[in-house]
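Architecture at a glance
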Amino acid sequence: MAAVTSVSFAAITQSTDRKVSVPSARTCLASNFYAFKLRLPYGSCNFRSGSSSSRMVVHCMSTATDPPTVSETKANFLKAYKRPIPSIYNTVLQELIVQQHLMRYKRSYQYDPVFALGFVTVYDQLMEGYPSDEDREAIFKAYIEALNEDPAQYRADAKKLEEWARSQSASSLADFDSREGEVEGILKDISARAGSKGSFSYSRFFAVGLFRLLELANATEPTILDKLCLALNVNKKSVDRDLDVYRNLLSKLVQAKELLKEYVAREKKKVEERTASQKANEAVTKCSVEYQSTAR
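The rules behind these values
- Residues numbered from 1 in each chain as written.
- Predicted model: local features only at pLDDT ≥ 70, side-chain atom pairs only at ≥ 80, totals over all residues.
- Heavy atoms only, no water.
- Helix = DSSP H or I, 4+ residues; strand = E, 2+ residues; numbered from the N terminus.
- Buried < 20%, exposed > 50% of the residue type's maximum accessible area, 1.4 Å probe, protein only.
- Contact = heavy atoms within 4.5 Å.
- Areas by Shrake-Rupley, 256 points an atom, 1.4 Å probe, with all protein chains shown as cover.
- pLDDT = per-residue confidence, 0-100.
- Phe/Tyr/Trp six-rings, centres within 6.5 Å; stacked < 30°, edge-to-face > 60°.
- Lys NZ or Arg CZ within 6 Å of the ring centre and 35° of its normal.
- Arc of directions from axis to C-beta.
- Salt bridge = Lys/Arg side-chain N within 4 Å of Asp/Glu carboxyl O.
- Axes fitted to C-alpha atoms, helices over the stretch in contact; angles between N-to-C directions.
- Parallel < 35°, antiparallel > 145°, perpendicular 65-115°, else oblique.
- Left-handed = near helix turned anticlockwise from the far one by under 90°.
- Nonpolar A, V, L, I, M, F, W, Y, C, P; charged D, E, K, R; others polar.

1. Some points on the overall build of the protein chain
Helix and strand content of the protein chain: 11 helices and zero strands. Helices and strands appear in the protein chain in the N-to-C order α-α-α-α-α-α-α-α-α-α-α. Every one of the 296 residues in the protein chain was classed for burial, and the buried ones make up 48%. A separation of at least 24 residues holds for 78% of the contacts in the protein chain among residues at least 6 apart in sequence. Looking at the protein chain as shown, the accessible area adds up to about 14,900 Å², and 53% of this sits on carbon and sulfur atoms.

2. Regarding the confidence of the model for the protein chain
Considering every residue of the protein chain, the mean pLDDT works out to 77; 71% of them sit at 70 or more. When pLDDT is averaged over each element of the protein chain, helix 6 (residues 151-166) comes out on top at 97 and helix 1 (residues 23-33) at the bottom at 48. Counting contacts from residues 1-28, a segment whose pLDDT is below 50, to residues more than four positions away or on other chains yields 63 contacts. Note on residues 37-64: pLDDT is under 50 here. Beyond four places in sequence and across chains, it has 77 contacts.

3. A closer look at the packing of aromatic side chains
Applying the stated criterion across every chain yields a total of 15 aromatic pairs. On the numbers, 5.1 Å between centres and 65 degrees between planes, the contact of Tyr 123 with Phe 140 is edge-to-face. Placement of the pair is Tyr 123 in helix 4 (residues 113-127) and Phe 140 in helix 5 (residues 133-146), with a sequence separation of 17 residues. In this structure Tyr 123 comes out as buried when scored by relative accessible area, which is 0%. Site record: aromatic cluster; members linked through ring pairs are Phe 77, Tyr 109, Tyr 111, Phe 115, Phe 119, Tyr 123, Phe 140, Tyr 143, Tyr 154 and Phe 205. One residue, Arg 104, lies across the ring of Tyr 105, its end atom 4.8 Å from the ring centre. Here the guanidinium or amino end of Arg 155 rests over the ring plane of Phe 140, the centre of that ring lying 4.2 Å away.

4. Observations regarding helix 10 (residues 222-232)
Buried residues of helix 10: Ile 224, Leu 225, Leu 228, Cys 229 and Leu 232, and no others. The buried residues of helix 10 occupy one face: seen down the axis, they fall within an arc of 130 degrees. Exposed and facing more than 90 degrees away from the buried side of helix 10 are Lys 227 and Leu 230. Asn 233 sits one or two residues past helix 10 and shows a positive phi near 60 degrees.

5. Re the pattern of salt bridges
Counting across every chain of the model gives 17 salt bridges. The partner of Glu 162 in a salt bridge is Arg 212, with the nearest N and O atoms 3.4 Å apart. In this pair, Glu 162 is assigned in helix 6 and Arg 212 in helix 9 (residues 204-216), connecting sequence segments 50 residues apart. Residue Glu 162 shares its accessibility class with Arg 212, and that shared class is buried. Asp 244 is the salt-bridge partner of Arg 247, the closest N and O atoms lying 3.1 Å from each other. Of the two residues, Arg 247 and Asp 244 both sit in helix 11 (residues 236-295), three residues apart, roughly one turn of that helix.

6. What to know about the packing of helix 3 (residues 87-104) against helix 4
At a minimum axis separation of 11 Å, helix 3 and helix 4 run at an interaxial angle of 165 degrees. It follows that helix 3 is roughly antiparallel to helix 4 by the angle criterion. Judged by the twist between their axes, the crossing of helix 3 over helix 4 is right-handed. Judged by residue contacts, Tyr 89, Val 92, Leu 93, Leu 96, Gln 100 and Met 103 of helix 3 engage Phe 115, Phe 119, Tyr 123, Leu 126 and Met 127 from helix 4. Across the contact of helix 3 with helix 4, the residue classes tally to 10 nonpolar, one polar and no charged.

7. Some details on unusual backbone geometry
Phi is positive for Asn 148, which is not a glycine, with a value near 60 degrees. If you trace the backbone, Asn 148 turns up in the loop between helix 5 and helix 6. Phi at Asn 233 takes a positive value of approximately 60 degrees, unusual for a residue other than glycine. Considering the arrangement of structural elements, one finds Asn 233 in the loop between helix 10 and helix 11. With relative accessibility at 39%, the residue Asn 233 sits in the partly exposed group.

Quick look at the structure:
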């Protein structure tokens, strides 16, 4: 997977009375992220501004007739994580949570570990270089819980699939149907649901999950993705298109973080110049006072 340049945020403070804003970086990343939206047939959802639905159990089909509104989900996220988030991250996170809310409360939605792996991959790429590892995980937890899902399960399933993929070869990856095992069972279930056209909601996070499996298995030949999509009953053209968008997103993310890095360097230089000027003025004042005292 394309590596995202880590950025140092030592000069950024997340105090409530000072927020860092980098319009050029934010606009660059956010405008590209709109292309990463989840395709949704809205007809099956009934969104009303009523009370929140009860917490859904992961792995169950969403049957809520009165799901929470987008604003409620966003409010839950902000309540769970109250600290300011640098704008380059916050802009994308806010857009992302809106998209995932709409997907999450589709009637056909059902959680699956490949989707979880895709989301975790996107999130970790987005938040790489964040000032604090502890805050990064706290944001992840608040984000997933705002959607009434389990962040620990997302992480555990992503790790499980990553470990499994590392043990696979290019030839064995798409041959899961002929073997027994926990992950093989997960993939068989996805294949069955995708083939039935009823209880499977394809998304770009799912496509990224597939990409991550291929990457960890060192399956670089294009034909391997063809075979995996066929085995999972997933449209290969959709996956190809969504992976192109994902790669472009990573490229834009690198550019945005570079712009932020330049901004931080400029701000640091300005602070240093102001400090040096202030010290010089203080030194002059001190000398003047001492001279006047001696003259007396």
